[in-house]
Amino acid sequence: MMDSSALLPTQQAYDEVAELYADLFAKELDSKPFERAMLAAFAESAGAGPVADLGCGPGRITGHLHSLGLDAFGVDLSPEMIRLARAAHPRLRFELGPMQQLHAADASLAGIVAWYSIIHTPPQLLPEVFAEFGRVLRPGGPLLLGFMAADAPHEVQPYDHRVAPAFRWSTGRIEELLRPHGFDIVARLIREPVDPERCPQVHLQVRKN
Ligand SMILES: C[S@@+](CC[C@H](N)C(=O)[O-])C[C@H]1O[C@@H](n2cnc3c(N)ncnc32)[C@H](O)[C@@H]1O
């Protein structure tokens, strides 16, 4: 099982920047039509039931999923992020905790979004995270991931992230890691960077089989 001390630097770093992050990204989706399209397709794919936004930060994606008609709730490591998410979305549920140890029964979730949160998981620990996603997602349920693309196929590389240690992944490597945990690939969008991004962005939807 993942040693939670591995996540402490990430938690502390996000606690420190939470307010700044929330302000910076509050309206970001408004200028991101491809991301909104992937989230809309995800929302159509998820049936009735709870949908988890894992690594939810200040809850902007949780709120967006709610606006698309989903029964969305958020989970994050950072107490400050959870405090801000609750303040911004008082009618939604936000839980403090690591996404690799969820308080959810087997096959109980209708969908999962992990939007730029797996980027902070050390590569050797990502299979444990995907195993947990596979445990809690019900058969047919969609999982939507957002992350920065690596430079070459089948590659993972460190990313000079402004907040916490992070990694860029090729979609091929992520797909290889997902398949053993019961996921089929549904759709992948690779978008060229727009200022201030420094590399292409990947949005990958898979489905629990
Ligand atoms: C780049 S932010 C993205 C936040 C949010 N998804 C958004 O798009 O606004 C990454 C978030 O993931 C959280 N995070 C990173 N690793 C996590 C883990 N193992 N479990 C729960 N949250 C995690 C961080 O605390 C941070 O709030």
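Now for a look at the structure at hand.

Remarks on the overall build of the chain
Okay, step 1: The secondary structure content of the chain amounts to six helices and nine strands.
Okay, step 2: Its C-alpha radius of gyration of 16 Å places the chain within 12% of the 17 Å reference for a compact globule of 209 residues.
Okay, step 3: If you line up the chain on its principal axes, its C-alpha atoms span 40 × 35 × 35 Å.
Okay, step 4: When the 209 residues of the chain are sorted by exposure, 43% land in the buried category.
Okay, step 5: The long-range fraction of contacts in the chain, counting pairs at least 24 apart against all pairs at least 6 apart in sequence, stands at 64%.

A short note on the nonpolar core
Okay, step 1: The biggest cluster of nonpolar side chains holds 53 residues, and the ones touching the most others in it are Val 51, Leu 65, Ile 112, Val 113, Ala 114, Leu 143 and Leu 145.
Okay, step 2: Contacts of Leu 65, omitting those with residues within four sequence positions, involve Leu 39, Ala 43, Val 51, Asp 53, Leu 70, Ala 72 and Val 113.

A short note on the site of the ligand
Okay, step 1: Taken together, 22 residues lie near the ligand, and Gly 55, Gly 57, Met 99, Trp 115 and Ser 117 sit nearest.
Okay, step 2: Those elements that place two or more of their residues in the shell around the ligand are helix H1 (8-25), helix H3 (60-67) and strand S2 (71-76).
Okay, step 3: No other element matches H1, which puts three residues into the shell around the ligand.
Okay, step 4: Looking at the shell around the ligand, its residues break down into twelve nonpolar, eight polar and two charged.

A short note on the packing of H1 against helix H4 (residues 79-88)
Okay, step 1: Direction vectors running N to C along H1 and H4 enclose 30°, while the axes themselves pass 7 Å from each other. On the basis of their axis angle, the class for H1 and H4 is roughly parallel. Residues Tyr 14, Asp 15, Ala 18, Glu 19 and Ala 22 of H1 form the contact with H4, whose participating residues are Pro 79, Glu 80, Met 81 and Leu 84.
Okay, step 2: Split by residue class, the contact of H1 with H4 holds six nonpolar, no polar and three charged.

Let's talk about the pairing of S2
Okay, step 1: Across the six residues of S2, five count as buried, placing the element largely inside the fold.
Okay, step 2: For the crossover from strand S1 (residues 50-54) across H3 to S2, the handedness is right-handed.
Okay, step 3: The pairing of S2 with strand S3 (residues 93-96) spans four bridges and is classified as parallel. When the bridges of S3 are listed, Val 75 appears paired with Glu 95.

Comments concerning the sheet that holds strand S5 (residues 142-148)
Okay, step 1: Ordered in space as S3-S2-S1-S4-S5-S9-S8, the seven strands form an open sheet in which the pairing is mixed. Each edge of the open sheet carries a strand with a single partner, namely S3 and strand S8 (183-191). The average undirected angle you get between the axes of adjacent strands in this sheet is 20°.
Okay, step 2: With respect to the sheet, H3 is in contact with S1, S2 and strand S4 (111-115), its orientation differing from that of S2 by roughly 170°.

Observations regarding the environment of Glu 128
Okay, step 1: In this fold, Glu 128 is placed in helix H5 (residues 126-136).
Okay, step 2: For Glu 128, a count of 14 C-beta atoms within 10 Å corresponds to the partly exposed category.
Okay, step 3: Counting along the chain gives 28 residues from Glu 128 to Gln 100, while the straight-line C-alpha distance between them is 6.6 Å.

Looking at unusual backbone geometry
Okay, step 1: Between Asp 195 and the following residue, Pro 196, the backbone shows a cis peptide bond with an omega angle of 10°.
Okay, step 2: Mapped onto the secondary structure, Pro 196 falls in the loop between S8 and strand S9 (201-208).
Okay, step 3: For Ala 107, which is not glycine, the phi dihedral falls at a positive 50°.
Okay, step 4: Note on placement: Ala 107 falls in the loop between S3 and S4.
Okay, step 5: Using a count of 13 C-beta atoms within 10 Å as the deciding quantity, one classes Ala 107 as partly exposed.
Okay, step 6: In this model, Tyr 116 sits at a positive phi of 60°, which is unusual for a non-glycine residue.
Okay, step 7: With respect to the element layout, Tyr 116 can be found in the loop between S4 and H5.
Okay, step 8: The exposure class assigned to Tyr 116 is partly exposed, which follows from the 17 C-beta atoms found within 10 Å.

Reading guide: rules and limits
- Residues numbered from 1 in each chain as written.
- Predicted model: local features only at pLDDT ≥ 70, side-chain atom pairs only at ≥ 80, totals over all residues.
- Helix = DSSP H or I, 4+ residues; strand = E, 2+ residues; numbered from the N terminus.
- Rg over C-alpha atoms; globule rule 2.2 N^0.38 Å.
- Buried ≥ 20, exposed ≤ 12 C-beta atoms within 10 Å, placed from the backbone.
- Contact = placed C-beta atoms within 7 Å.
- Core = buried A, V, L, I, M, F, W, Y, C linked by C-beta atoms within 7 Å.
- Near = placed C-beta within 6 Å.
- Nonpolar A, V, L, I, M, F, W, Y, C, P; charged D, E, K, R; others polar.
- Axes fitted to C-alpha atoms, helices over the stretch in contact; angles between N-to-C directions.
- Parallel < 35°, antiparallel > 145°, perpendicular 65-115°, else oblique.
- Right-handed = clockwise from strand over helix to strand, strands pointing away.
- Pairing = 2+ DSSP bridges.

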